[in-house]
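Per-entry structural report
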Amino acid sequence: MAATEKLVMRGISKSFGNLRALNNLDFTLRRGEIHALMGENGAGKSTLMKILIGIHMADSGEIFLDGEPVVIASPREALARGIAMIHQELYPILDMSVADNLFLGREWKRNAMGPLSMVDRRKTRRETENLLAGFGIGISPDAAMRGLSVAETQLVEIVKAVSQGAEIIIMDEPTSAINEKEADRLFAHVERLKTSGASIIYISHKIDEIFKIAETVTVLRDGNFVASRPTREMTPELLVSQMVGREIDDIYPPPPPDRHIDGAVLEVSGLSDGYRFRNVSFQIRSGEILGMAGLMGSGRTEVAECVFGLTPKTSGETLLRGKPADVRSPRDAVLGGMALVSDDRKQKGLNLAATVGENISIVSLEECSRLGIIDRVRERAGVDEYMKRLAIKAESADTPAASLSGGNQQKTVLAKWLMAGPEVIIFDEPTRGIDVGAKREIYQLIRELAAQGKAILMISSEMGEIIGMSDRVIVMADGELAGTLDRSELTEEAIMTLAANLGPTGKGVR
Amino acid sequence: MKSILAKIVVVALFFPFFVPAASGAAERSVALCMSHMSNAFTIEMSDAVRKRAAELGVTLIVNDGNKDAARQVGQIESLIAQGIDGIIVEAVSVDGIQPAVNLAKETGVPLVTVNQKATNQENAVSFVGVSHEDGGELEMAEAAKAIGGKGNVALLLGPMGSDAQIGRSAGYKKVLDRNPGMQVVFEQTANWDTEAALRLMENWLQAGTKIDVVVAQNDGMALGALKAVEDAQLQKEIKVYGLDAVPDALAAVKDGRLTGTVSQNTSAQGAKSVDVMVDALNGKQVPKEVIVEQMFIDKANVAKYLK
Amino acid sequence: MKNRVGKYTVRELGIFAAFIALIVALAVVSGGTSISPRNLVLVIKQASINGILSVGMMFVIVSGGIDLSVGSILAVSGVAASMFAHPGEYHLAIPVALAMLVGLALGCANGFLVAFGEIPPFIVTLGMLTMGRGLALILSGGSPIYNISKPFENLAGGFFPSAGFPYRAPILSVYFLAVVAAGAFVLTRTVYGRHVYAVGGNEMSARISGIRVGLVKMSVYAISGALSGLAGLLLASRIVSGNPNSGSGYELDAIAAVTIGGISMSGGAGKWHGAVIGTIFIAVMGNGLDLMGMPSNLQLVIKGAIIIAAVFYDIRAKRKR
């Protein structure tokens, strides 16, 4: 037990059909460390983790736990050996209480009658209380999972893993759906886990987080091991270049020198929806990229969806090209020349049951049809053009959308809207959950669209993105517009001050 | 909160049983519990009962069991709880009706079964109806006569396991045993359904086996089979027999398309059941079984039955 | 996609192979009778009523819904039409129009409640299943409506072309093929059809794409209702009576046909030829088993097993992706 290595994976290879997902890969995790696993989508991170928790079996290679060679054939076995994974998307049983979820599948029983045993409710509750208190989490054991925030659900999931005796905890993009304050709390819990002796494998796309919490970082690329070293010997630039395999001097393309910003295309004044945001006014000009910043829950997505007619407004006016527009449904918005690239592409962007081509043409079908009958040649020509323009990596337009990677799915949503030729494009978290290479392509595209004279609203939680891309930024705080910043005023501090309502105009007092 | 609601529901459900029996009015009220009210037979039956009850000055309540045996039992339980004087039942299920028959006996309410006997018929006051076996025998005997006791027979049966199907099939068998020259070449249920019988007959005609006569256990199926025969222009070669004497079957007999059908004398069954009930209520001794005679109808005597 | 052979997915080829195997097996067992031209024509004819219902069902299921009321709507329409089809009373156009309108109206009622009342389609159409049966019994007074005019009987009973040609198809199958052709065209070649798929695949995304989701949903039930009305008309003509008990359980046959044909119950996916093959599959099986003299109770067991097998195969094929 003198060895500090908790887990060693050596020479791991795995293929799916002809595709080689992992190629002779090594990975070492030390006891009590937070170890970041980095790589673009498709680099092999999740395949490696699925092998570790027994969802996949490696074609070759060995796994050592505490120096002992082991074979992990199922997630159940992984759990028995102390390996647990906190998935990116959590699926608790929403109508059960926190306590029942924690002990799901290993209920405290009052008698031994197999499946017919009575659940010992009192004990379940007491144990839950102790566990939550041990973590300093103020959630009632009786609370329904449905009522918990994503961050709270995650914490319950972590408590569950620890209570099951997990010594290796894999966290897959835990901060992708929570706000920064919640993320900081999460990091505190992760630190505490570490001091209690657990080892954590941390997967994230957010580079700044890695430098905040991880001691070691391992980089994978195209199924190959690239590097593994202490974080303090790394710089963000070096990390990114190792991930993408080339130097990226600046992932945000600069605005073209000859661009010009014209008159207002979309003007919104005094918009309220009655409870989530109030009195929001802004305008976007032709050729302009307007950034919208703010904390999670500040009402940004709600404003965008209301402008787009998806949710009803209680007051406020919308002008399109100076004319009043009565946008009461997304159809009105689309007919008025608006597009919404949503933050949730699986729920609100794509039809995963359809092909790439069917997804791309769905908004533009009326333009390539006569008397309601589709001209398939014209449709196909349009689809092919936009697939090529956006470099969508799919065999053909007939490929099912569900089989594409996240980045290509996002590009498919973009292609759909571009084919419709909108004048106003709302991007809500356009690069969430996609890899660095695809991000850059999307930024490039947004720049081009602005250069063509489109008016662009870009909602983002990534500071770098907001600062790197926006011509002007509006900041939301608690459902209200906290302020507007010009490009010359854009700094992280300025945005955060407004977003947290700390500025001279803000209500918050420190 | 929840439990209070539950108690209210429970009380509401059983409320009818807590109510004291209705005070004995001078006029007698009798209930007719039909298995369902969705075909020509049940309509004719209930109409006949209504008519006779009106003639005899009996108040009649009609309950529709909607083909649900449990529901019919529930209806009878409620009727007895509310102090009904007598019950005439056309049972959904001869087995399922048993608790209701027992309850009537225990509470001293006379119960008469009509058309179908209950399995525990000994606990009922009387049975008024026909013998399905006799009906089947009558139908098949006429068919045998028509083809000279020799030839290929196709049988269209009612829902397997139903009383009528079992009885009529037994009647068929008696005749077939007497006539070794008759071969059953097809035998299948069409569940009383015209379209199903039509489809079956179309398929049988494809099989290439010669069929001389089709004997169906009701008229709906006979009419379906007849349609298939006519579509194939085999009406000269194949005779079709039905049972029930519904109006369209009678019209087809009159036109010489359907060879014959059997009248179950539904109206007589209904009327007779009221007579038996009134006798029982008046304290007279009634027979345990009143069998109404069935009649074979062909072109010769059809005019008498056409309204 | 590895799961593709040319234009077709493995799933589609699988059902086609099973279909061929069934036909071959039945041909062998029946000594060739089952594949005689006359019998094949008969099978198509017998598949027609269910086929017309299945086309309507396909629209509803592709849009992500379900319609349990088709059998009851069929009965109401058939009864309503028969009431106006006695000899020498009304022009033939009256019962024909009435059947379609009754079906359309009940379908619209379904659609309105699903699309704008936001009641789950299972519940709405379950209610309509019961209500429709009740309406049919009330309208008919509980017993079949007989005494039907000859022209009405010839609606579904005749042949096409009507006379003078050596090869004639039962007119019932002509209606079926026409409905299939129209349904397939609308679903695959029109903007509307694409919208039906989009709504079934992802309703939210369809809404954001500017599709009038409510109207699309309402319309699929209207189509299903109108086709049920047509089927009711044809069935009444075929059995020369308006029977209020007709069509009970037909909704399950239509759903079975669509399911066997690989049309996903979760919506948004499935091809029109799936519904056709599924319908004919069921008819072939019934016809073949009848020819063999197999008891209908056993036929039910076999049919149920095939439905489960089809869906099992479907889910397995999906998981492999």
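Parameters and conventions
- Residues numbered from 1 in each chain as written.
- Chains lettered and ligands numbered in written order.
- Predicted model: local features only at pLDDT ≥ 70, side-chain atom pairs only at ≥ 80, totals over all residues.
- Heavy atoms only, no water.
- Contact = heavy atoms within 4.5 Å.
- Buried area = accessible area lost by both parts, 1.4 Å probe.
- Salt bridge = Lys/Arg side-chain N within 4 Å of Asp/Glu carboxyl O.
- Polar contact = N/O pair within 3.5 Å; in protein donor to acceptor, adjacent residues only side chain to side chain.
- Helix = DSSP H or I, 4+ residues; strand = E, 2+ residues; numbered from the N terminus.
- Nonpolar A, V, L, I, M, F, W, Y, C, P; charged D, E, K, R; others polar.
- pLDDT = per-residue confidence, 0-100.
- Buried < 20%, exposed > 50% of the residue type's maximum accessible area, 1.4 Å probe, protein only.
- Pairing = 2+ DSSP bridges.
- Axes fitted to C-alpha atoms, helices over the stretch in contact; angles between N-to-C directions.
- Patch = residues over 30% accessible without salt bridge, like charges linked within 9 Å, V, L, I, M, F, W, Y side chains within 5 Å.
- Areas by Shrake-Rupley, 256 points an atom, 1.4 Å probe, with all protein chains shown as cover.
- Parallel < 35°, antiparallel > 145°, perpendicular 65-115°, else oblique.
- Expected span 1.5 Å × (residues − 1).
- Lys, Arg positive; Asp, Glu negative; His and termini not counted.
- Charge placed at Lys NZ, Arg CZ, Asp CG, Glu CD.
- Core = buried A, V, L, I, M, F, W, Y, C linked by side-chain atoms within 4.5 Å.
- Phe/Tyr/Trp six-rings, centres within 6.5 Å; stacked < 30°, edge-to-face > 60°.

With that settled, consider the interface of chain A and chain C. Each partner contributes to the interface: chain A provides 31 residues, whereas chain C provides 24 residues. Together chain A and chain C conceal approximately 2400 Å² of surface at their shared face, both sides included; 57% is due to carbon and sulfur atoms. Run the count over chain A and chain C and you get one salt bridge. Of the charged contacts in the structure, one is a salt bridge between E379 of chain A and R194 of chain C, with a shortest N-O distance of 2.7 Å. On inspection of chain A and its partner chain C, the count reaches ten residue pairs in polar contact (both at pLDDT 80 or more). Counting residues per element, the ones that place at least two in the side of chain A that touches chain C are α10 (330–335), α11 (345–349), α12 (356–361), β18 (373–374), α13 (376–389) and α14 (406–419) of chain A. Ranked by residue count, the leading element in the side of chain A that touches chain C is α11 of chain A, at four residues. Its residues assigned to classes, the side of chain A that touches chain C shows 14 nonpolar, seven polar and ten charged.

This part covers the interface of chain B and chain C. Facing 24 residues of chain B, the contacting portion of chain C comprises 33 residues. Together, the buried faces of chain B and chain C total about 2300 Å²; carbon and sulfur atoms form 47% of this surface. Between chain B and chain C we count four salt bridges in total. Along the contact surface separating chain B from chain C lie eleven residue pairs in polar contact (both at pLDDT 80 or more).

It is worth spelling out the confidence of the model for chain B at this point. With 91% of its residues at a pLDDT of 70 or more, chain B has an overall mean of 88. Every residue in residues 13–26 of chain B is under pLDDT 50, and counting partners more than four places away or in other chains gives eleven contacts.

Attention shifts here to the pairing of strand β16 (residues 338–341) of chain A. Residue and element names in this part refer to chain A. Burial along β16 is two-sided: M338 and L340 and A339 and V341, pointing in opposite directions, are all buried. In terms of strand pairing, β16 meets strand β19 (residues 424–428) through four bridges, oriented parallel. When the sheet's bridge partners are listed, V341 is paired in β19 with F427.

Residue and element names in this part refer to chain A. Taken in spatial order, the six strands of this open sheet run β6-β7-β8-β3-β9-β10, and their pairing is mixed. Edge positions in the sheet fall to β6 (83–86) and β10 (224–230), since each of these pairs with one other strand and no more. Within this sheet the neighbouring strands show an average axis-to-axis angle of 20 degrees, counted without direction. Here four bridges tie β6 to strand β7 (residues 168–172), and the two strands are oriented parallel to one another. Following the sheet pairing, M85 is matched in β7 by I170. Where helix α5 (residues 150–163) meets the sheet, its contacts fall on β6 and β7, and the angle it forms with β6 comes to roughly 175 degrees. Against the sheet, helix α6 (residues 180–195) makes contact with β3 (34–38), β7 and β8 (199–203), and its axis sits at roughly 145 degrees relative to β8, the strand it touches most.

Moving on to a nonpolar patch on the surface. Residues and elements named next belong to chain C. A contiguous nonpolar patch, built from F112, L113, F116, I119, F122, I123, L126 and L215 and spanning about 720 Å² of accessible area, is present on the exposed surface. Contributions of two or more residues to the nonpolar patch are made by α4 (93–115) and α5 (121–140). In terms of residue count, α5 provides more of the nonpolar patch than any other element does, three residues in total. Tracing the backbone shows F112 in helix α4.

All names here are of chain A. Running from N to C, α5 and α6 cross one another at 10 degrees; their axes reach a closest spacing of 10 Å. One element, α5, and the other, α6, form an angle in the roughly parallel class. Residue-level contacts link A151, Q154, L155, I158 and V162 of α5 to E182, R185, L186, H189 and L193 of α6. By residue class, the composition of the contact of α5 with α6 is six nonpolar, two polar and two charged.

With that settled, the discussion passes to α13 of chain A. In this model, α13 of chain A (14 residues) spans 20 Å end to end at C-alpha, consistent with the 20 Å of a helix rising 1.5 Å per residue. Against the buried residues of α13 of chain A lie α12, β18 and α14 of chain A together with α8 (191–201) of chain C. Directly beyond the C-terminal end of α13 of chain A, a positive phi value near 50 degrees is found at A391 of chain A.

Our next topic: a negative patch on the surface. Residues and elements named next belong to chain A. A cluster of acidic residues, E180, D208, E492 and E493, forms a negative patch on the protein surface. Looking at the secondary structure, you find E180 in helix α6. The class of E180 is partly exposed, set by a relative accessible area of 41%.

Now for the sheet that holds strand β15 (residues 323–324) of chain A. Residues and elements named next belong to chain A. With respect to topology, four strands assemble into an open sheet ordered β12-β11-β14-β15, the strand pairing being antiparallel. The open sheet terminates on both sides in strands that have one partner only, identified here as β12 (280–285) and β15. In this sheet, β15 lies alongside strand β14 (residues 315–320) in antiparallel orientation, the contact comprising two bridges. Bridging from a neighbouring strand, L320 pairs with K323 of β15. Contacts between helix α9 (residues 300–307) and the sheet are confined to β11 (264–272) and β12, with β11 contributing the most and set at about 115 degrees to the helix.

All names here are of chain A. For helix α4 (residues 121–134), with 14 residues, the first-to-last C-alpha span of 20 Å sits near the 20 Å given by 1.5 Å per residue. Against the buried residues of α4 lie α3 (98–102) and α5. Of the residues flanking the start of α4, the one acting as N-cap is D120, its side-chain oxygen 3.4 Å from the backbone nitrogen of R122. G136 lies just past α4 and shows a positive phi near 65 degrees.

To continue, consider the nonpolar core. By size, the foremost hydrophobic cluster in this structure holds 143 residues, and its most contacted members are F282, V307, W417 and F427 of chain A. It is helix α2 (residues 37–62) of chain C that provides the largest number of residues to this core, a total of twelve residues. Aside from chain neighbours lying at most four places away, what touches F282 of chain A is L266, E267, V268, L290, M292, V303, V307, L457 and I474 of chain A. Judged by nonpolar contacts, the second largest core, of 43 residues, contains F135, A166, I169 and V190 of chain A.

This structure, assessed with the given rule, holds 46 salt bridges over all chains. D275 of chain B is paired through a salt bridge with R52 of chain B; the nearest N and O atoms lie 2.7 Å apart. Taken together, the residues span a long stretch of sequence, with D275 of chain B in helix α10 (residues 266–281) and R52 of chain B in helix α2 (residues 40–55) at a distance of 223 residues. With a relative accessible area of 25%, R52 of chain B lands in the partly exposed category. Close ionic contact of E202 of chain B with K45 of chain C constitutes a salt bridge, the shortest N to O distance being 3.1 Å. Here E202 of chain B is found in helix α7 (residues 194–206), whereas its partner K45 of chain C is found in helix α2 on a different chain. Pair check on accessibility: E202 of chain B and K45 of chain C agree, each one buried.

Ring pairs (aromatic) are described by centroid distance and by the angle formed between their planes. One pass over the structure, following the stated rule, counts eight aromatic pairs over all chains. Relative to Y443 of chain A, the ring of Y252 of chain A lies with its centre 5.0 Å away and its plane at 50 degrees, an arrangement referred to as tilted. Of this pair, Y252 of chain A sits in the loop between α8 (236–244) and β11 while Y443 of chain A sits in helix α15 (residues 436–451); the two residues are 191 residues apart in sequence, bridging distant segments of the chain. For the pair formed by Y252 of chain A and Y443 of chain A, the shared burial category is buried. When the centroid spacing of 5.1 Å and the interplanar angle of 55 degrees are considered together, the rings of F84 of chain C and Y90 of chain C count as tilted. Judged by relative accessible area, which is 46%, Y90 of chain C ranks as partly exposed.

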